[in-house]
Amino acid sequence: MSSLANTKPRTVIPALGNLWAALEPLSPVIVRVTTGLLLMPHGAQKLFGAFGGYGLEGTAGWLESIGFAPGLLFALLIGLLEFVGGLMLTIGLLTRPVAAAVIAFMAVAFTIHLPNGYAWNNAGFEMPLFWGLMALSILIRGGGKYSVDSKIGVEF
């Protein structure tokens, strides 16, 4: 009798098995690059007022209204983390430290959004949870083979 733990699942469409195997090394790259690129516009909203954002002053005012003072400092730090940190994740530079910073920021954002419930469209905790888990995945994996970290031979 064979053990299920020792058997590989049968591919339903066998022709796709080779495709999945060939693309598997790109999976962590897709997660890292997409996370970085999608964080950048959030930073641009806070830093520059792009994409309908409120810029540094508006973000600072909101942050102070919920108890984060000095608001301008927090707005700058958060905007830089999302914009510059997003770029760093995209290229895989200082990948783990940036991912750790995103996790810390998203833990705070989670607590801010928690009272609003789950759904993102009601300012709920869905998106901070999602971004935090993506950053955790990146923290665990690191920059990987296709990163600046790998090319310079330094990984934290």
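Residues numbered from 1 in each chain as written. Predicted model: local features only at pLDDT ≥ 70, side-chain atom pairs only at ≥ 80, totals over all residues. Heavy atoms only, no water.

Q: Please explain the packing of helix H2 (residues 27-48) against helix H4 (residues 71-91) as it appears in this structure.
A: Between two packed helices, both the angle of their axes relative to each other and the distance between the axes serve to describe the pair. Put simply, H2 and H4 touch, their axes get as near as 7 Å, and they point 150° apart. By the angle between their axes, H2 is roughly antiparallel relative to H4. As H2 packs across H4, the resulting crossing turns out to be left-handed. (Axes fitted to C-alpha atoms, helices over the stretch in contact; angles between N-to-C directions. Helix = DSSP H or I, 4+ residues; strand = E, 2+ residues; numbered from the N terminus. Parallel < 35°, antiparallel > 145°, perpendicular 65-115°, else oblique. Left-handed = near helix turned anticlockwise from the far one by under 90°.)

Q: In this structure, what is going on with the nonpolar core? I would like to understand it.
A: The tendency in soluble globular proteins is for nonpolar side chains to be buried side by side. Counting residues in each nonpolar core, the largest one holds 17 residues, and the members touching the most others are Leu39, Leu89, Val98, Val102, Phe105 and Met106. Among the secondary structure elements, those contributing two or more residues to this core are helix H3 (55-65), H4, helix H5 (95-113) and helix H6 (126-141). Among the elements that make up this core, the one with the highest residue count is H5 (six residues). The residues touching Val102, leaving out its near neighbours within four places in the chain, are Leu39, Leu81, Trp131 and Ala135. (Core = buried A, V, L, I, M, F, W, Y, C linked by side-chain atoms within 4.5 Å. Buried < 20%, exposed > 50% of the residue type's maximum accessible area, 1.4 Å probe, protein only. Contact = heavy atoms within 4.5 Å.)

Q: Honestly, the packing of aromatic side chains in this entry has me stumped. Any pointers?
A: Each pair of aromatic rings is reported with the distance of its centres and the angle of its planes. Tallying each qualifying case throughout the model produces five aromatic pairs. Ring geometry for Phe48 and Phe83: centres 5.5 Å apart, planes at 90°, overall edge-to-face. Here Phe48 is found in helix H2, whereas its partner Phe83 is found in helix H4, with 35 residues between them in sequence. Seen from their ring centres, Phe130 and Trp131 are 5.4 Å apart, and the 70° between their planes marks the pair as edge-to-face. The partly exposed category is assigned to Phe130, whose relative accessible area is 38%. Taken together, the ring pairs connect Phe110, Tyr118 and Phe125 into an aromatic cluster. (Phe/Tyr/Trp six-rings, centres within 6.5 Å; stacked < 30°, edge-to-face > 60°.)

Q: Whenever I open this one, the environment of Pro25 confuses me. Can you help?
A: Of note, Pro25 is situated in the loop between helix H1 (14-23) and H2. A residue is classified by how much of its surface remains accessible, and Pro25, at 38% relative accessible area, is partly exposed. Along the chain, Pro25 and Ser150 lie 125 residues apart, while their C-alpha atoms are 14 Å from each other.

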